[in-house]
Number of protein chains: 2
Amino acid sequence: MWQLYHFPLCPFSRKVRLALSEKGVAYELKRENPWDASDNFYALNPAGRTPVLHDSERNRTLVDSQAICEYLEETVDKTPLILGTALARAEIRRLVALFDESFFHDVTGPLMHEKMKKRIVLRAAPDSGVLRSAMRLAHEHLDYIDWLIDNHRWLAGAQMSLADFAAAAQISVADYLGGIDWTGHDTAHSWYRVIKSRPSFRSLLTDKMEGIPPASHYADVNA
Amino acid sequence: MWQLYHFPLCPFSRKVRLALSEKGVAYELKRENPWDASDNFYALNPAGRTPVLHDSERNRTLVDSQAICEYLEETVDKTPLILGTALARAEIRRLVALFDESFFHDVTGPLMHEKMKKRIVLRAAPDSGVLRSAMRLAHEHLDYIDWLIDNHRWLAGAQMSLADFAAAAQISVADYLGGIDWTGHDTAHSWYRVIKSRPSFRSLLTDKMEGIPPASHYADVNA
Ligand SMILES: N[C@@H](CCC(=O)N[C@@H](CS)C(=O)NCC(=O)O)C(=O)O
Ligand SMILES: N[C@@H](CCC(=O)N[C@@H](CS)C(=O)NCC(=O)O)C(=O)O
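Note that residues are indexed from 1 along each chain, following the sequence as it is written. In the order they appear in the text, chains get letters beginning with A and ligands get numbers beginning with 1. In view of the model being predicted, local features appear only for residues whose pLDDT reaches at least 70, and side-chain atom pairs are presented and counted only at 80 or more, with totals across whole chains, interfaces and linings using the full set of residues. Calculation of side-chain values draws on the structure's entire complement of heavy atoms; hydrogens and water are dropped beforehand.

Peer 1: Sorry if this is basic, but what is going on with the pairing of strand β4 (residues 60–63) of chain A here?
Peer 2: Where a strand is regular, its side chains alternate between the two sheet faces. Residues and elements named next belong to chain A. Two elements, strand β3 (residues 52–55) and β4, share four bridges in a ladder whose sense is antiparallel. Paired with H54 across the bridge in β4 is T61. Between the antiparallel neighbours β3 and β4 lie four residues, among them N59 with a positive phi of about 55°. Any two strands are treated as partners once DSSP identifies two or more bridges connecting them. Starting at the N terminus, helices and strands are each numbered in turn, a helix being any DSSP run of H or I of at least four residues and a strand any DSSP run of E of at least two.

Structure follows, in structure tokens:
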């Protein structure tokens, strides 16, 4: 069976968890904190980053959330997530990279640093200037989601794709940490509510990071 | 015809240029500085980043170097670069992400900031502490390349792949900026010399960034 090395607030691990569930692939979670990683974990991934998908029986190790998702796409037929023509697939990958890189860089990464890493590793107070800037940039990204969803039903087009799950994975971590304000983003908000109520999302919403309680509305699928 | 929006020292554009050449796809270069981007460029890529591959006749726009390389892989049979079994392909993508993200974060990005952006945009002196740290981390990455090449002929296995070109693209920019010291890395160095002497590399070695002369040995394929 696959084991996914992750921690509850790693957005890239969440993307993989969503893809695994949507595709009906069984897996178990193995907890790993990259800031305090075991030798065993470094042996699996010398870069010391989560997620890593490992199958000890068949000696398979997959590293990097996008490499993992591409592997799942190539090996599991159920629920294609990188779908359509080559051009449509490129658009899905563009959006996945936008959320994995820009949204993470602008919003999720700073929130995780200020509200998670400073609390449990660095034992320092969050910097309110950094938090304000992350929340301002979150609005710009939500504007872009509004615009995409005004043009078609899902982020990358008429069909649900990995772009939706990559975006929702980032947003869910930012939301857990109190960094998402939906005011003025009704369109993005209704798209997120639909994703959030999928069965694949359930285990993300019940997962907690010890010492860091989620924002009050976080697990409410109607909020 | 495809047009590639790039600037000479963008390592992600270099990865795409290598893939286009290896696959024999004709294209022309369009110069774009992301720190001073035109409205036309933002219309193509709202994230304002290079590379963008655009075909105005057929109205196709591709954004993100990895999305572009996956598209080329799916549409052009010549010279497969993401090749082999699903597991082998995952290993190629793991290494591409390692160089695109970690090598860029540790080495190429800081060198570009200190030696390029500070010179031509910020008009400030480079920070020698940052440069030293980038060069130290470059040694760690070259150690890892030594280790990979000790185990098989190319980075991801027995065959040349996109992993080799992603790595060489990053290294070529770091080398242009004087950040690569091959001392103690004979194995990695001979691998790089082989890549560097491929016809696809030629246009990268003659390209210059105005105001920033390359390190003296940069374009010498025997150095
Ligand atoms: N591109 C990678 C990013 C992985 C990543 O940045 N993981 C973070 C946790 S969310 C990590 O392990 N950071 C620790 C580190 O970089 O040392 C992926 O998609 O898997
Ligand atoms: N993952 C992207 C990275 C692109 C990227 O970071 N491009 C840099 C130039 S090397 C850029 O445009 N930076 C400007 C910015 O981020 O505003 C890719 O592979 O295309």
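Still to come is the rest of the account.
Peer 1: For this particular structure, what's the right way to read the interface of chain A and chain B?
Peer 2: Many descriptions give the size of an interface as the accessible area lost when the pieces come together. Only heavy atoms matter for contacts: two residues are in contact if any of them lie within 4.5 Å across the pair. Every contact between the two is made by 23 residues of chain A and, on the other side, 23 residues of chain B. Buried area between chain A and chain B, both sides added, is near 2,000 Å², and the carbon and sulfur share of it is 63%. One side-chain nitrogen of Lys or Arg within 4 Å of one carboxyl oxygen of Asp or Glu is enough to make a salt bridge. The tally of links between chain A and chain B comes to six salt bridges. Taking the shortest distance from any N to any O, the salt bridge between R49 of chain B and E101 of chain A comes out at 2.7 Å. We call two N or O atoms a polar contact when they sit within 3.5 Å, provided that within protein one can donate a hydrogen and the other can accept it, with sequence-adjacent residues counted only if both atoms are side-chain atoms. Viewed at the interface, chain B and chain A are joined by six residue pairs in polar contact (both at pLDDT 80 or more). Where the side of chain A that touches chain B is concerned, the elements lending two or more residues are β4, α3 (65–75) and α4 (86–122) of chain A. Under this grouping Gly is polar, as are all residues other than the nonpolar Ala, Val, Leu, Ile, Met, Phe, Trp, Tyr, Cys and Pro and the charged Asp, Glu, Lys and Arg. Counted by class, the side of chain A that touches chain B contains 12 nonpolar, two polar and nine charged residues. The term buried area denotes the loss of accessible surface (1.4 Å probe radius) that occurs when two parts are joined, taken as the sum for both partners.

Peer 1: Any chance you could explain the pattern of salt bridges here in plain terms?
Peer 2: Pairs may arise between side chains of opposite charge once their charged atoms sit close together. The tally for this structure, following the rule as stated, stands at 26 salt bridges over all chains. Notably, a salt bridge pairs D207 of chain A with R17 of chain A, separated by 2.9 Å at the nearest N-O pair. Placement of D207 of chain A in the segment after α8 (202–206) and of R17 of chain A in helix α1 (residues 11–22) is noted, with a sequence separation of 190 residues between them. This pair shows no difference in class: D207 of chain A is buried, exactly as R17 of chain A is. With a closest N to O distance of 2.7 Å, R89 of chain B and E74 of chain A form a salt bridge. Of this pair, R89 of chain B sits in helix α4 (residues 86–122) while E74 of chain A is found in helix α3, placing the two residues in two different chains. A network of salt bridges, in which partner residues are shared, links E70, R89 and R93 of chain A together with E74 of chain B. Each residue is assigned to one of three classes by its accessible area relative to the maximum for its type, calculated with a 1.4 Å probe on protein chains only: buried under 20%, partly exposed between the two thresholds, exposed over 50%.

Peer 1: I keep staring at the relation of the copies chain A and chain B and nothing clicks. Help me out?
Peer 2: Turning chain A through 180° and shifting it by 0.0 Å along the axis lays it on chain B, with an RMSD of 0.0 Å. Read as a symmetry element, the transformation amounts to a two-fold axis. Minimal C-alpha distance to the rotation axis in chain A is attained by E101 of chain A, lying at 4.8 Å. The atoms used to superpose the copies are C-alpha atoms, taken from residues with pLDDT of at least 70 in both, and the fit is least squares.

Peer 1: Would you explain the domain arrangement of chain A in this entry?
Peer 2: All names here are of chain A. Here chain A is described as being made up of domain 1 (2–75) and domain 2 (86–199). Contacts between domain 1 and domain 2 engage 15 residues on the former and 21 residues on the latter. Carbon and sulfur atoms make up 73% of the surface buried where domain 1 meets domain 2, a total of about 1,500 Å² over both sides. For the pair domain 1 and domain 2, the interface holds three salt bridges. One salt bridge in this structure joins E22 and R198, with 2.8 Å as the shortest N-O distance. Linking domain 1 to domain 2 there are four residue pairs in polar contact (both at pLDDT 80 or more). Those elements that provide at least two residues to the side of domain 1 that touches domain 2 are α1 and α3. Per-element tally for the side of domain 1 that touches domain 2: the top contributor is α1, with seven residues. Note: domain ranges come from an automatic or database domain assignment.

Peer 1: Looking at this model, I keep getting lost on the nonpolar core. Mind explaining?
Peer 2: Buried together is how nonpolar side chains tend to be arranged in soluble globular proteins. Only buried Ala, Val, Leu, Ile, Met, Phe, Trp, Tyr and Cys residues count toward a nonpolar core, and they belong to the same one when joined by side-chain atoms within 4.5 Å. Counting residues in hydrophobic clusters, the biggest one holds 70 residues, and the most contacted among them are I145, L155, I171 and W191 of chain B. When residues in this core are grouped by element, the largest group, 11 residues, is from helix α6 (residues 162–176) of chain B. For this core, the domains that each give at least three residues are domain 1 (2–75) and domain 2 (86–199) of chain B. Other than its neighbours up to four places away in sequence, I171 of chain B contacts F103, L142, I145, I180, W182, W191 and Y192 of chain B. Formed by 69 residues, the second largest nonpolar core is a distinct cluster that contains L98, F99, L155 and I171 of chain A.

Peer 1: I keep staring at the side chain of Q170 of chain B and nothing clicks. Help me out?
Peer 2: Residue and element names in this part refer to chain B. Note that Q170 resides in helix α6. A distance of 2.7 Å separates polar atoms of two side chains, one belonging to Q170 and the other to T108. Filtering out sequence-adjacent residues up to four positions away, Q170 remains in contact with P11, F12, F99, D100, F103, F104 and T108.

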